[in-house]
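Chain residues, written in single-letter form:
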Amino acid sequence: MLDPHLLRKDPQTVAEGLLRRGFNLELDRLRELEEERKTLQSRTQTLQAERNRVSRQIGKVKAAGESAESLMQSVAGLGAELEAAEKALKALLDQIEAFQLELPNLPDSSVPQGADETANVEVRRWGKPRHFEFEPLDHVSLGEQLGGLDFESAVTIAGARFTLMRRHVARLHRALTQFMLDLHVDRHGSEEMYAPYLVNAESMRGTGQFPKFQDEQFATSDGYYLIPTAEVPVTNWARDRILEPEDLPKKFVCHTPCFRREAGSYGKDTRGMIRQHQFEKVELVRFVRPQDSWNELETLTHDAETVLRELELPYRVVTLCTGDLGFSAAKTYDIEVWLPAQNRYREISSCSNFLDFQARRMKARWRNPDTGKPELLHTLNGSGVAVGRALVAVLENYQN
């Protein structure tokens, strides 16, 4: 969530920032809500002050042995007016919050301007794509020949966009997961976390999935949601907490399945494991002091890159442009691994700095030793990396 004080103080600057990412802020609506809030808040405060004044007067009248009946009737009337005003103010504040929850994060000034992924800017490359003496097969053909990928059975069991893995391919998938977890714990100093796969609506709201992407989630009949990423449960660990300065930076790594409807992706990557309803990731989540978050984004991205370097998989890193930036992110690096059968790089990790956008929603704070007061944390996360896509890259790059 954006800083409400910034929205009130300088809405024009906010509107210009959001316009960079193609989002039109309804300034007239924002000003209308703000004026109504001021009016109702002033009315409520006036009624409270008047009720308090009359209540004190009642005490004095009674102490003097005089009748306070008319004053008591006045207090009752003021109480009814105040209750109505407070109810109206709460309803309005709920409207304002709903309006603010629909606003994406402001892109950092270093984010390149652009409408879509074609404007993303390459930062660096690592490794050289292998030259094949034969036409390389894609992971679907390779997996089926190895008897390790069974898409036909997956369709029978569940439907489209699911995968059934068997034999050595299933073992390789498990081995890649364990390798990533051990790497991030042993070499990068992350604390491993095992998190719920089902979360409540407040957790989804805290990381920015709700209300914007509510229709894209798998929901149970009793109010739970299947996680689209481990970012949701792990980041919400800090909800309503105040971390001490010695606790920071807090670095977590978590392996979970992820569940996504993939709404709007019909016709895209229908073959194989690239875009699935269920897949697995090893996720990295960081909580840091505000002054450290930009350096931490570089460290986080490096940690995710290390996975691909250790596996000797060629990749590149790109900075997402404003039009390709995720809802909650202020800046994102995508790591794209080389897939020979597609003859192109494909995303395998997104590493993002959210600044205080998520922390404000979750009331995730740290105690600043300079002031002794709680202040909002900065949050970051990135895939370290998507296990299924790493499996695809290994199969395709190491085929013979």
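Described in the following lines is the structure provided in the data block. This structure is a prediction, so every number in the text was calculated from the model and none was measured.

**Things to note about the overall build of the protein**
A count of helices and strands for the protein gives 12 helices and 13 strands. Judged by the C-alpha coordinates and their principal axes, the protein covers about 105 × 45 × 40 Å. When each of the 400 residues of the protein is scored for burial, the buried share is 48%. Contacts in the protein between residues at least 24 apart in sequence constitute 74% of all its contacts with a sequence separation of at least 6.

**Focus on the nonpolar core**
Residues Leu176, Met180, Ile335 and Ile348 are the most contacted members of the largest nonpolar core, which totals 40 residues. Grouped together as the second largest cluster of nonpolar side chains are 17 residues, Leu30, Leu89, Leu92 and Ile96 included.

**Here we look at the pairing of strand β13 (residues 378–386)**
Counting buried positions along β13 gives 9 out of 9 residues, so the element sits mostly inside the fold. In this structure, strand β7 (residues 278–288) lies alongside β13, joined through 7 bridges in antiparallel fashion. Paired with Phe287 across the bridge in β13 is Thr379. Bridge count between strand β10 (residues 344–353) and β13: 3 bridges; the pairing is antiparallel. Its bridge partner being in β13, Ser352 is matched across the sheet by Asn381.

**A look at the packing of aromatic side chains**
Scanning the entire structure with this criterion turns up 10 aromatic pairs. Taking the centre distance of 5.9 Å and the plane angle of 85° together, the rings of Phe213 and Phe327 count as edge-to-face. Of this pair, Phe213 sits in the loop between α8 (201–207) and β4 (225–226) while Phe327 sits in the loop between β8 (315–319) and β9 (331–339); the two residues are 114 residues apart in sequence, bridging distant segments of the chain. Looking at Phe213, the relative accessible area reads 26%, which means it is partly exposed. Summarising the aromatic geometry, the rings of Trp237 and Phe252 are spaced 5.0 Å apart at their centres and angled 70° between planes, so their arrangement reads as edge-to-face.

**A closer look at the pattern of salt bridges**
Within the structure shown, the criterion is met by 26 salt bridges. In this structure, Glu336 and Arg316 form a salt bridge, with 2.7 Å as the shortest nitrogen-oxygen distance. One end of the pair, Glu336, is in strand β9; the other, Arg316, is in strand β8, and 20 residues separate them in sequence. On the basis of relative accessibility, which here comes to 22%, the residue Arg316 falls in the partly exposed class.

**Points about the packing of helix α7 (residues 167–186) against helix α12 (residues 387–397)**
To characterise two packed helices, one gives the angle between the axes of the helices and the distance between these axes. It is at 10 Å that the axes of α7 and α12 come closest, and there the two elements cross at 120°. In this structure, α7 meets α12 at a crossing whose hand is right-handed. The residues of α12 that touch α7, namely those facing Val169, Leu172, His173, Leu176, Thr177 and Met180, are Val387, Gly388, Ala390, Leu391, Val394 and Leu395. Here the contact of α7 with α12 is composed, by residue class, of 9 nonpolar, 3 polar and no charged.

**What to know about the packing of α7 against helix α10 (residues 293–310)**
Close contact between α7 and α10 brings their axes to 10 Å; oriented N to C, the two are set at 130°. Taken together, the axis directions place α7 and α10 in an arrangement best described as oblique. Regarding α7 and α10, the two cross each other, and that crossing is right-handed. Along its contact with α7, which presents Phe179, Met180, Leu183 and His184, the element α10 presents Asp303, Ala304, Thr306, Val307 and Glu310.

About the cut-offs
Residues numbered from 1 in each chain as written. Predicted model: local features only at pLDDT ≥ 70, side-chain atom pairs only at ≥ 80, totals over all residues. Heavy atoms only, no water. Helix = DSSP H or I, 4+ residues; strand = E, 2+ residues; numbered from the N terminus. Buried < 20%, exposed > 50% of the residue type's maximum accessible area, 1.4 Å probe, protein only. Contact = heavy atoms within 4.5 Å. Core = buried A, V, L, I, M, F, W, Y, C linked by side-chain atoms within 4.5 Å. Pairing = 2+ DSSP bridges. Phe/Tyr/Trp six-rings, centres within 6.5 Å; stacked < 30°, edge-to-face > 60°. Salt bridge = Lys/Arg side-chain N within 4 Å of Asp/Glu carboxyl O. Axes fitted to C-alpha atoms, helices over the stretch in contact; angles between N-to-C directions. Left-handed = near helix turned anticlockwise from the far one by under 90°. Nonpolar A, V, L, I, M, F, W, Y, C, P; charged D, E, K, R; others polar. Parallel < 35°, antiparallel > 145°, perpendicular 65-115°, else oblique.

Honestly, that's just the spatial picture; any functional story needs more than this.
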